Amino acid sequence: MAQSAVQPSTDPTVIPAKLPIGAIVPWAVFFGVLMLVLLYFVGAEQGATSVMSGENVHEWVHDARHLLGFPCH
């Protein structure tokens, strides 16, 4: 029983493909702006800074507002 049942691997080392930063930056900016717009609508869309009139946006994001800790009433 001195022999090992596991044979050493002779597969070449796998090297991940390099992703250039220039390919990531536009997507990062897009998702960053999208998150800021969503944060605005959840956190500040009512009152003096309102972009849309009425209570529709407030009602759509009401539960998310409480979940994230924003007071609304």
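This one's a predicted model, so the numbers in the text were calculated from it and none came from an experiment.

Reading the values: the criteria
- Residues numbered from 1 in each chain as written.
- Predicted model: local features only at pLDDT ≥ 70, side-chain atom pairs only at ≥ 80, totals over all residues.
- Heavy atoms only, no water.
- Helix = DSSP H or I, 4+ residues; strand = E, 2+ residues; numbered from the N terminus.
- Buried < 20%, exposed > 50% of the residue type's maximum accessible area, 1.4 Å probe, protein only.
- Phe/Tyr/Trp six-rings, centres within 6.5 Å; stacked < 30°, edge-to-face > 60°.
- Patch = residues over 30% accessible without salt bridge, like charges linked within 9 Å, V, L, I, M, F, W, Y side chains within 5 Å.
- Areas by Shrake-Rupley, 256 points an atom, 1.4 Å probe, with all protein chains shown as cover.
- Salt bridge = Lys/Arg side-chain N within 4 Å of Asp/Glu carboxyl O.
- pLDDT = per-residue confidence, 0-100.

So, about the overall build of the protein. Helix and strand counts for the protein come out as three helices and zero strands. Helices and strands in the protein line up, N terminus first, as α-α-α. By the burial criterion, 11% of the 73 residues in the protein qualify as buried.

This part is about the packing of aromatic side chains. Inspection of the entire model under this criterion finds three aromatic pairs. Taken together, a centroid distance of 6.1 Å and an interplanar angle of 25° make the contact between Trp27 and Phe31 stacked. Here Phe31 and Trp27 lie together in helix α1 (residues 21–43), a separation of four residues that amounts to about one turn. In this structure Trp27 comes out as exposed when scored by relative accessible area, which is 55%.

Attention now moves to a nonpolar patch on the surface. Judged by side-chain polarity, Leu19, Ile21, Ile24, Val25, Val29, Val33 and Val37 come together as a nonpolar surface patch covering roughly 620 Å² of accessible area. Tracing the backbone through its elements, the reader meets Val33 in helix α1.

Turning to the environment of Leu68, a few remarks are in order. For Leu68, the location among the structural elements is in the segment after α3 (62–67). Under the relative-accessibility criterion, Leu68 is labelled exposed at 55%. Taking the C-alpha atoms as reference, Leu68 lies 9.7 Å from Leu39; in sequence the two are 29 residues apart.

For His62, the location among the structural elements is in helix α3. Between the C-alpha atom of His62 and that of Gly43, which follows or precedes it by 19 residues, the distance is 9.5 Å.

For residues with low pLDDT, the predicted coordinates do not support detailed interpretation. This prediction gives the protein a mean pLDDT of 79; 77% of its residues lie at or above 70. Summarising per-element confidence for the protein, the mean pLDDT is lowest in helix α2 (residues 56–60) (76) and highest in α1 (90).

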